[in-house]
Amino acid sequence: MTEITVEAQGNHEYVVRIPVDDDVVESWFRITPDVMLQLGVGEGDEQRVVAETVDYISAHQALIDFPQTLELEDAIAAYPDFLRTVRKRLAG
């Protein structure tokens, strides 16, 4: 698996850097308390949620095609099994 970095930026925002070949894809993630509640985890797990989201989405699309910004609500809307799958990963 590709080594990603997840850095907290405050206000529930994270910047993710993913090395792809000779480039680095940068994507900004935003998490709302509502999403954390839906996933059944607390605020202290935000960074882990971001990492699991990257892992989940990378199984569905190429890393180079990652969006520049991603609100987790968009992932929930785009992938019907996102909540169930990520919730299960976080519990395991």
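So, how was this worked out
Within each chain, residues carry numbers counting from 1 in the order of the written sequence. Only residues with pLDDT of at least 70 are given local features in this predicted model, and only at 80 or more are side-chain atom pairs given and counted; all residues enter the totals for whole chains, interfaces and linings. Excluded from the side-chain calculation are hydrogens and water; included are all heavy atoms of the structure. Labels follow the DSSP assignment, with helices taken as runs of H or I lasting at least four residues and strands as runs of E lasting at least two, numbered in each case from the N terminus. Our radius of gyration is a C-alpha quantity, and the globule rule it is checked against amounts to 2.2 Å times the number of residues to the power 0.38. Relative accessible area decides the class of each residue, using a 1.4 Å probe on protein chains only: under 20% of the type maximum gives buried, over 50% gives exposed, and in between gives partly exposed. Contacts are assigned to residue pairs that have any heavy atoms within 4.5 Å of one another. When DSSP finds two or more bridges between a pair of strands, those strands are recorded as paired. Axis definition: a line fitted to C-alpha atoms, over the contacting stretch in the case of helices. Angles run 0 to 180 degrees between N-to-C directions. In what follows, salt bridge is the name for a side-chain nitrogen of Lys or Arg lying within 4 Å of a carboxyl oxygen of Asp or Glu. Here a polar contact is taken to be a pair of N or O atoms separated by no more than 3.5 Å, where protein atoms must pair a possible hydrogen donor with a possible acceptor and residues adjacent in sequence count only if both atoms sit in side chains. For this analysis, a nonpolar core means a set of buried residues of the types Ala, Val, Leu, Ile, Met, Phe, Trp, Tyr and Cys, connected via side-chain atoms within 4.5 Å.

In terms of regular secondary structure, the chain is built from 4 helices and 4 strands. Reading the chain from its N terminus to its C terminus gives the helix and strand order β-β-β-α-α-β-α-α. A compact globule built from 92 residues would reach a C-alpha radius of gyration of about 12 Å, and the chain, at 12 Å, matches this within 12%. Each principal axis of the C-alpha distribution contributes one length, and for the chain these read about 35 × 30 × 25 Å. Looking at the chain as a whole, 37% of its 92 residues are labelled buried. Within the chain, contacts between residues separated by at least 24 positions form 49% of all contacts whose residues are at least 6 apart in sequence.

As a further point, take the sheet that holds strand 3 (residues 23–30). Pairing within the open sheet is mixed, and its 4 strands lie in the order 1-2-3-4. Edge positions in the sheet fall to strand 1 (5–10) and strand 4 (69–71), since each of these pairs with one other strand and no more. Geometrically, the sheet is characterised by an average inter-axis angle of 25° between neighbouring strands, direction not taken into account.

Quick look at the pattern of salt bridges now. Under the criterion given, the structure shown has 7 salt bridges. For Arg-48, the salt bridge identified is with Asp-45, shortest N-O distance 4.0 Å. The class of Arg-48 is partly exposed, set by a relative accessible area of 35%. The shortest N-O distance in the salt bridge between Arg-89 and Glu-52 comes to 3.7 Å. In this pair, Arg-89 is assigned in helix 4 (residues 82–91) and Glu-52 in helix 2 (residues 46–58), connecting sequence segments 37 residues apart. Judged by relative accessible area, which is 31%, Arg-89 ranks as partly exposed.

This part covers the side chain of Thr-85. Structurally, the position occupied by Thr-85 is in helix 4. Within the local environment of Thr-85, its side chain forms a polar contact with the backbone oxygen of Asp-81, the two atoms lying 2.8 Å apart.

On to the nonpolar core. In this structure, Ile-18, Phe-29, Leu-39, Val-49 and Phe-82 are the most contacted members of the largest nonpolar core, which totals 27 residues. Of all elements in the fold, only strand 2 (13–20), strand 3, helix 1 (33–39), helix 2, helix 3 (72–78) and helix 4 reach the threshold of two or more residues within this core. Element by element, the count of residues in this core is highest for helix 2, at 5 residues. Those residues in contact with Val-49 that lie beyond four places of it in its chain are Ile-31, Met-36, Leu-39, Val-41, Leu-72 and Leu-90.

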